[in-house]
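Next come the chains, spelled out residue by residue.
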Amino acid sequence: MSGNGWVGEAPCAGDARFTAEETAADAPTEPLVLSLLATCQGCPFRSQCIDLVMPSMSLFDGVCGGRLWRNGQVFATCTGARRSELRERGRRPITHGTEAGARAHNRRGEPACSMCREAGRLAQQARRARKPAPDA
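Because the structure is predicted, anything quoted here is derived from the model rather than measured.

Procedures and definitions
Residues numbered from 1 in each chain as written. Predicted model: local features only at pLDDT ≥ 70, side-chain atom pairs only at ≥ 80, totals over all residues. Heavy atoms only, no water. Helix = DSSP H or I, 4+ residues; strand = E, 2+ residues; numbered from the N terminus. Buried < 20%, exposed > 50% of the residue type's maximum accessible area, 1.4 Å probe, protein only. Contact = heavy atoms within 4.5 Å. Areas by Shrake-Rupley, 256 points an atom, 1.4 Å probe, with all protein chains shown as cover. Salt bridge = Lys/Arg side-chain N within 4 Å of Asp/Glu carboxyl O. Pairing = 2+ DSSP bridges. Axes fitted to C-alpha atoms, helices over the stretch in contact; angles between N-to-C directions.

### Observations concerning the overall build of the chain
Stage number 1. Tallying secondary structure elements over the chain gives 5 helices and 3 strands in all.
Stage number 2. Helices (α) and strands (β) of the chain occur, in sequence order from the N terminus, as α-α-α-β-β-β-α-α.
Stage number 3. Burial status across the chain gives 30% buried among its 136 residues.
Stage number 4. Counting only contacts in the chain whose residues sit at least 6 apart along the sequence, the fraction spanning at least 24 positions is 43%.
Stage number 5. Counting only carbon and sulfur atoms, one obtains 54% of the accessible surface of the chain, whose full area is about 8600 Å².

Right under this line is the structure:
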């Protein structure tokens, strides 16, 4: 499946427990982490998940691609996870809150986050202010 359409079909779709806030204090052997990794175990989208989140490049904290990540490093792995799934395919992390960040969201075909959207709006406003007024 191309694009990010697979996200809604992933076993973790809509489950907020996969966020960093939910797993930040948990050790790799805590029941919540083990439950989340078990959910990832049968997921056919582990590679795509890592490509989307880019956990090592973005210094991610949480569960992604069948692994528990802390500061972009793998702390625990689900059963059956393969090393080949860890390849992040060259996209750099977005510099959120900047005009460049807004452009990066656009290039990826995703809606810009609120910080990038605001930065893009302010940059456009500044460009318009610098543009000379037409002669009357």
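### Quick word on the pattern of salt bridges
Stage number 1. Summed over all chains, the structure comprises 7 salt bridges.
Stage number 2. Here Arg67 ties to Glu85 by a salt bridge, and the two come within 3.0 Å at their closest N and O atoms. Of the two residues, Arg67 is situated in strand S2 (residues 67-70) and Glu85 in the loop between strand S3 (73-77) and helix H4 (99-108); the sequence distance between them amounts to 18 residues. Across the pair, Glu85 and Arg67 agree in class, each one buried.
Stage number 3. One salt bridge in this structure joins Arg121 and Glu118, with 2.6 Å as the shortest N-O distance. Remark: Glu118 and Arg121 occur in helix H5 (residues 114-130); sequence separation between them is 3 residues, near one turn of the helix.
Stage number 4. When its relative accessible area of 42% is taken as the criterion, Arg121 is described as partly exposed.
Stage number 5. Of the residues examined, Glu118 reaches a relative accessible area of 35% and is grouped as partly exposed.

### Observations concerning the sheet that holds strand S1 (residues 62-64)
Stage number 1. Spatial strand order, S1-S2-S3: 3 strands in an open sheet with antiparallel pairing. Strands at the two margins of the open sheet, each flanked by one partner only, are S1 and S3. Here the average twist between neighbouring strands, direction ignored, is 40°.
Stage number 2. Judged from the 4 bridges that link them, S2 and S3 form a sheet pairing that is antiparallel. Its bridge partner being in S3, Arg70 is matched across the sheet by Gln73.

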